[in-house]
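Listed below, chain by chain, are the residues.
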Amino acid sequence: MNAAQKIGAFFDLDGTLLVPPSLEWRFIGYLLERDEIRTKNVARWAVESAKALLNGGRCAVLANKHYLAGIHESVIAEWANTITHGSLPLFVEGIDRMHRHLERGHRVVLVTGTLAPLARAIAGHLPRGVEVRGTKLEIRDGCFTGRISGTHLGFGEKARVIHEAAEEFDLDLCQSFAYGNEMSDERMLGAVGHPAAVNGCWSLKREARKRGWRAYSWGDSRGEKKRTLHRAPAPKEAR
């Protein structure tokens, strides 16, 4: 293994690579249009979210997927088939950055709290060679149960995934990169030697200034009425 292959580049998805709303909300919109989500599932989701907010905080709320209960897993493949090339509003600078890391031989990993099957479904719209780590869903008899399998991939879980990848692939985290936009990405960013706050919320921008992290504002996107692409220069480390 050469030096470049020991370097990882870890990217958050929603708000970092993908223009809001999140990928999961886009999927929910598709389900609502098809009348796939049952009223009782919405009611249960609301009740469980309220309980989770009181007892477990934001991470527990994000782990609540009861709106999916009883829906066959094949619906994700059907949804994925509706995504045409260039239809997702992905930040050009982010996709560009992924390409540059891959060209240098770095291991590029999407580390996202969104549902793993959704993230895998859009992998074909990302540069070839990008790996995906997301929140897994529990499935029984081909249908979603409304529960996740394992833990929601947010906050400290993202850092855990990065450390696991470093151990599995012998990566040097001190030479590695990470890109995120929310405080939920803070531990992930802190796990590497070259962190970057991308389109950061005010609290992450403040943290980035305090800790001397790079900060980027990625504004141009491809897809959804965007007609022109502008390549942004990469920082020296990623060239």
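Below is a short write-up of the structure.

What counts and what doesn't
- Residues numbered from 1 in each chain as written.
- Predicted model: local features only at pLDDT ≥ 70, side-chain atom pairs only at ≥ 80, totals over all residues.
- Heavy atoms only, no water.
- Helix = DSSP H or I, 4+ residues; strand = E, 2+ residues; numbered from the N terminus.
- Contact = heavy atoms within 4.5 Å.
- Areas by Shrake-Rupley, 256 points an atom, 1.4 Å probe, with all protein chains shown as cover.
- 1 Å grid on protein atoms, 1.4 Å probe; cavity = no way out; pocket = protein on both sides within 12 Å on 5 of 7 lines; lining within 4 Å.
- Points joined across faces, edges and corners; volume = space filled by probe spheres on them.
- Nonpolar A, V, L, I, M, F, W, Y, C, P; charged D, E, K, R; others polar.
- Salt bridge = Lys/Arg side-chain N within 4 Å of Asp/Glu carboxyl O.
- Buried < 20%, exposed > 50% of the residue type's maximum accessible area, 1.4 Å probe, protein only.

What about the overall build of the protein?
Piece 1. Across its full length, the protein holds 9 helices and 10 strands.
Piece 2. Restricting to contacts in the protein with at least 6 residues of sequence separation, those with at least 24 account for 66%.
Piece 3. Summing over all exposed atoms, the protein offers an accessible surface of approximately 12,100 Å²; the carbon and sulfur share of this is 51%.

Looking at the layout of surface pockets
Piece 1. Considering only enclosed or pocket space, the largest pocket measures out at about 770 Å³ in volume.
Piece 2. Residue lining of the largest pocket: 32 residues in total, with D14, S22, E24, W25 and L62 positioned closest to the centre.
Piece 3. Elements represented by at least two residues in the lining of the largest pocket include exactly helix 1 (23-33), helix 2 (39-55), helix 3 (58-62) and strand 3 (107-115).
Piece 4. Among the elements that make up the lining of the largest pocket, the one with the highest residue count is helix 1 (4 residues).
Piece 5. Its residues placed into classes, the lining of the largest pocket shows 13 nonpolar, 11 polar and 8 charged.
Piece 6. Approximately 300 Å³ is the volume attributed to the second largest pocket.
Piece 7. Around the second largest pocket, the lining comprises 16 residues; the ones closest to its centre are R133, G134, K136, R160 and V161.
Piece 8. For the lining of the second largest pocket, the secondary-structure elements that each account for two or more residues are helix 6 (116-121), strand 4 (131-135) and helix 7 (156-169).
Piece 9. Looking at the lining of the second largest pocket, the element that brings in the most residues is helix 7, giving 5 residues.
Piece 10. Among the residues forming the lining of the second largest pocket, the class breakdown is 5 nonpolar, 5 polar and 6 charged.

Things to note about the environment of A165
Piece 1. Along the chain, A165 turns up in helix 7.
Piece 2. Separated by 58 residues in sequence, A165 and R107 place their C-alpha atoms 9.7 Å apart.

Focus: the pattern of salt bridges
Piece 1. All chains considered together, the criterion is met by 16 salt bridges.
Piece 2. Salt-bridge contacts for R100 lead to D96; the nearest nitrogen and oxygen are separated by 4.0 Å. Remark: D96 and R100 occur in helix 5 (residues 92-103); sequence separation between them is 4 residues, near one turn of the helix. Accessibility assignment for this pair places R100 and D96 in one class, buried.
Piece 3. Within this structure, E186, E207, K210 and R211 form a network of salt bridges that share partners.

The values reported here are purely geometric and, on their own, carry no functional implication.
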